[in-house]
Structures are given as structure tokens and as C-alpha cells.
Amino acid sequence: MKDINILAIETSCDETSIAIIKNGNEVVAISILTQMDTHAKFGGVVPEIASRMHTENITMVLEDVMNKADMKISDIDAIAVTYKPGLMGSLLVGIEFAKTLAYVYNKPLIKVNHLIGHIYANAINNKLEFPLLALVVSGGHTELVIMKDDYQFELLGSTLDDAIGEAFDKVARILNIPYPGGPGIEKLALQGKCTYELPKPVMDNSYNFSYSGLKSYIINLVHNETQRGNIIRQADLACSFQTVAVDELARKLELAIKNTGIKNVIIAGGVSANKYLRNEITKVIERNSAKVSIPEFKYCTDNAAMIGAAAYPLYLKKEFADYSLNAESQANIV
Ligand code: KG4
Ligand code: ZN
């Protein structure tokens, strides 16, 4: 069969990324331009600045990826783009760019859900084995789903309030750790001990999650202790937070493995870059004689390679979008 090269575009938040993916699993070339340093000055992503920067940079990112791949647009079989969820203005820049390329070069257009993209980051240099349990942990989502086949999802549970990545970012903010907070908390936690007693974000034995109680407890604790003139042991607090937050994920995942009997597990989303999480999940996997796939570090956070990987099954099914494609800011996997 002829090789299929998909040009994929990701602009849902603060990374402008374009990649060329061959046959859904090989990264021919990728370019990622992060705006992190700009947004860090404001303590979080400023949507208006994000979309302006995507507009400024996207054509150069395309040029860079085409040069790296040493390919022309005529070598490309389809154009894929993230259309939900994300920041409205940021998504629109990528969508409009993708539509223009598809129209001018007469290529099919494929719309990709960003969260499904995170899942398919596990298909890069790898083959997904169904049925599988997918745990998606990102800045906006915490979801546990069963995947019976390509694009066949069944939701087991999700967060009832804050996503785990959001909790990492908010706790980081109160500890004056620069945005994005997740990596900063992880680094700080390595220097501390888990000496703070924190409320466990335990819901019940459903597969749902809740992180706002834990986040608010920490914010109140820091305010109260600071007002009393007491010192916050930052590294110990980061360690205690990371432990309770991640342990709950591991507990729910183990419950799902036991109850469903599904032994193939994949982890997806930015928080899967966290090494404590990777270790704890590995323990669950070993205890249950299961198998786990976690994307390479560079494909855990936002990137266009995962969008190209997620677009490939849609290309095979000829599920193409038309030129009326629009952005949606909110979305889940199912
Ligand atoms: O998947 P992602 O890049 O963007 C979304 O789709 O949301 O995830 C970003 C989230 C942020 O909340 C960030 O703090 C978190 O992933 N994150 C981490 C780590 N690296 C990124 N959280 C904990 N530990 C990390 N090493
Ligand atoms: Zn993401």
C-alpha cells in the first residue's frame, strides 16, 4: 500500500505545532513553537496573546517542518487540524490555516479532537492494542475511558470539578512557581517529604475524580499560615500534594483494571510527563500483570504529531470535514 503522509496542525492553546506523520505512527518531521515564556510573565495563558502569536508564527512553523521533512505540499495526502477543545481564538487560527491549505492544494481536511490526539500520542512508534483503558490527564481534563477499537470510546469516569493538571497549576501559583506549574511542582517535590496531612481527593468507588477540594484546602492553608507569620515548607507541601493527587489516579485505574479485566492501559495528556505518576502507574501495572504505554516525554504535552496519529484512522475511513468546519471550545472524549 502507498504511504500516507498527513500534515497535522495543533494550535489549541499556547503551542503552535505542525507535523508530518507517515501511516499514522511515524513522525517524518515536527516543529513546535511554544509561547510558554510569554505567558509565564502573566502567570497563565492569555488567550488574546496566544491567538496573535499563532497568527504571527504559523507560516514559519509550516516552512520549518517542510524543510525538515524535505517535502512539498504535493507529497501530502491530507491536512488534519485540532478543532476542539481549546481556546477559541487559538483554535480558529489553526482551522483557518488548515482549510486554506486544503482548498488551495485540493487535499482532504480531517478534524481532530485534541483529547483523542493525546490518546493517539501512544500510537506513535507503537501499535494500540484493543480493548484498552485510557487515562487522560491534562490541564483541562481527567478522564478514564475504555477504547474497544479505533474511535470506539466508552466513558468510565471524569473529573466532577477541576482537572488534575489545573490543580497542579493552581497549587504552583500559590507557591509562586512559574507557569506551567506541573513541572515546577514535580521538581520541588523531589526536594521535600510528604509531611503535610492533606484531605484525600477520594470520591467513592465510582470512576469519577474531584480535585477542587484538595486545591482549595492548600490555598487556604497557605493563606492562613502566611497570615500567622508561619513558614510554609514549600517542597514538603509540593510533595504531599503530588502524592495525594496522583495516588487517587492510580487507585481508580487499578479499580478499573480489576473490574473490567482489561489489561492494556495507556496514559495520555500533559500530566503523564510526571515521573512520580509514571512510577505509581507502573506499580499498579506490575501488581495486576497488565501492560502500559505512556508517550515519549516530547509527545506527552501539546504537539501536532499526536493530531496526525489520531487523524490516520479517520483518513482510512474517509471521514473528512468540509469547509464549514468551526472551532468548539468545550469537549470531552465522548
Ligand atoms: O496536555 P497538556 O499539554 O495541555 C492540555 O491539553 O491541557 O497539559 C498541560 C498540563 C498543565 O496543567 C501542566 O502543568 C501539566 O500538564 N504538566 C505536568 C507536568 N508537565 C506538564 N503536571 C505534572 N507534572 C509534570 N511534569
Ligand atoms: Zn493538550
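Below is a summary of the structure that appears in this document. (Residues numbered from 1 in each chain as written. Chains lettered and ligands numbered in written order. Predicted model: local features only at pLDDT ≥ 70, side-chain atom pairs only at ≥ 80, totals over all residues. Heavy atoms only, no water.)

**With respect to the overall build of the protein**
Here is step 1: Within the protein, the regular secondary structure consists of ten helices and ten strands.
Here is step 2: Over its C-alpha atoms the protein spans a radius of gyration of 20 Å, differing by no more than 12% from the 20 Å that the globule rule assigns to 334 residues.
Here is step 3: Principal-axis analysis of the C-alpha atoms gives the protein an extent of 65 × 45 × 30 Å.
Here is step 4: Buried positions account for 56% of the 334 residues belonging to the protein.
Here is step 5: Taking contacts inside the protein between residues at least 6 apart in sequence as the whole, the part at least 24 apart equals 74%.
Here is step 6: With an accessible surface of roughly 14,800 Å², the protein has 51% of that area assigned to carbon and sulfur atoms. (Helix = DSSP H or I, 4+ residues; strand = E, 2+ residues; numbered from the N terminus. Rg over C-alpha atoms; globule rule 2.2 N^0.38 Å. Buried < 20%, exposed > 50% of the residue type's maximum accessible area, 1.4 Å probe, protein only. Contact = heavy atoms within 4.5 Å. Areas by Shrake-Rupley, 256 points an atom, 1.4 Å probe, with all protein chains shown as cover.)

**Side note on the pattern of salt bridges**
Here is step 1: A complete count under the given rule lists 18 salt bridges for this structure.
Here is step 2: Two residues, glutamate 248 and lysine 252, come together in a salt bridge whose shortest N-O distance is 3.1 Å. Of the two residues, glutamate 248 and lysine 252 both sit in helix α8 (residues 234-260), four residues apart, roughly one turn of that helix. Comparing glutamate 248 with lysine 252, the two get one shared label, buried.
Here is step 3: The shortest N-O distance in the salt bridge between glutamate 280 and lysine 283 comes to 2.8 Å. Of this pair, glutamate 280 and lysine 283 are both found in helix α9 (residues 275-287), three residues apart, which corresponds to roughly one turn of the helix. (Salt bridge = Lys/Arg side-chain N within 4 Å of Asp/Glu carboxyl O.)

**A word on the coordination of the zinc ion (ligand 2)**
Here is step 1: Taken together, His114 (NE2), His118 (NE2) and Asp302 (OD) make up the full set of protein donors to the zinc ion (ligand 2), lying 2.0 to 2.1 Å away.
Here is step 2: Ordering the donors of the zinc ion (ligand 2) by residue number gives the pattern H-x3-H-x183-D. A residue pair is termed long-range when its members are at least 10 positions apart, and histidine 118 in helix α4 (residues 114-120) and aspartate 302 in the loop between β10 (291-293) and α10 (305-316) qualify at 184 residues. This pair shows no difference in class: histidine 118 is buried, exactly as aspartate 302 is. (Donors = N, O, S within 2.8 Å, 3.2 Å for Na, K, Ca; no water.)

**Quick notes on the sheet that holds strand β5 (residues 109-113)**
Here is step 1: Spatially, β3-β2-β1-β4-β5 is the arrangement adopted by the five strands of the open sheet, whose pairing is mixed. Where the open sheet ends on each side, the last strands, each with one partner, are β3 (26-34) and β5. Each adjacent strand pair in this sheet contributes to an overall mean axis angle of 20°, direction not counted.
Here is step 2: In this sheet, β3 lies alongside strand β2 (residues 15-22) in antiparallel orientation, the contact comprising eight bridges. For serine 17, the partnering residue across the bridge sits in β3 and is isoleucine 32.
Here is step 3: Here helix α2 (residues 47-69) sits on the sheet and contacts β1 (5-10), β2 and β3; the angle it forms with β2, its principal contact strand, is near 30°.
Here is step 4: Packing of helix α3 (residues 88-104) onto the sheet brings it into contact with β1, β2, β4 (78-84) and β5, and relative to β4 it is tilted by some 160°. (Pairing = 2+ DSSP bridges. Axes fitted to C-alpha atoms, helices over the stretch in contact; angles between N-to-C directions.)

**With respect to a nonpolar patch on the surface**
Here is step 1: A grouping of Tyr103, Val104, Tyr105 and Tyr323 is seen on the molecular surface, where their side chains present a nonpolar patch of about 470 Å² in accessible area.
Here is step 2: In this structure, tyrosine 103 sits in helix α3. (Patch = residues over 30% accessible without salt bridge, like charges linked within 9 Å, V, L, I, M, F, W, Y side chains within 5 Å.)

**Description of the site of ligand 1**
Here is step 1: Around ligand 1, the surrounding shell holds 18 residues, and the nearest of these are His118, Gly139, Asp169, Glu186 and Gly270.
Here is step 2: One nitrogen or oxygen atom from the main chain of glycine 165 is found 3.1 Å from an oxygen atom belonging to ligand 1.
Here is step 3: Between ligand 1 and the protein, one listed contact pairs an oxygen atom with a side-chain N or O atom of aspartate 169 at 2.6 Å.
Here is step 4: The protein chains hide 87% of the 550 Å² of surface that ligand 1 would expose on its own. (Near = heavy atom within 4 Å. Polar contact = N/O pair within 3.5 Å; in protein donor to acceptor, adjacent residues only side chain to side chain.)

**Here we look at the packing of aromatic side chains**
Here is step 1: All chains considered together, the criterion is met by five aromatic pairs.
Here is step 2: Between tyrosine 103 and tyrosine 323, the ring centres sit 5.8 Å apart and the planes meet at 80°, which makes this aromatic pair edge-to-face. Remark: tyrosine 323 occurs in the segment after α10 and tyrosine 103 occurs in helix α3; sequence separation between them is 220 residues.
Here is step 3: Given a relative accessible area of 59%, tyrosine 103 falls into the exposed group. (Phe/Tyr/Trp six-rings, centres within 6.5 Å; stacked < 30°, edge-to-face > 60°.)

**Regarding unusual backbone geometry**
Leave glycine aside and you will find that most residues have negative phi; peptide bonds, for their part, are mostly trans.
Here is step 1: The step from phenylalanine 130 to proline 131 runs through a cis peptide bond, and the omega angle for that step is -5°.
Here is step 2: Turning to its location among the elements, proline 131 is positioned in the loop between α4 and β6 (132-137).
Here is step 3: Cis geometry marks the peptide bond from tyrosine 179 to proline 180, where omega comes out at -5°.
Here is step 4: Residue placement: proline 180 occurs in the loop between α5 (164-174) and α6 (181-189).
Here is step 5: Residue asparagine 23 is not a glycine yet carries a positive backbone phi of 50°.
Here is step 6: Structurally, asparagine 23 is set in the loop between β2 and β3.
Here is step 7: For asparagine 176, which is not a glycine, the phi torsion comes out positive at approximately 60°.
Here is step 8: Of note, asparagine 176 is situated in the loop between α5 and α6.
Here is step 9: By relative accessible area, asparagine 176 is classed as exposed at 68%.

These figures come from the coordinates and say nothing about function on their own.
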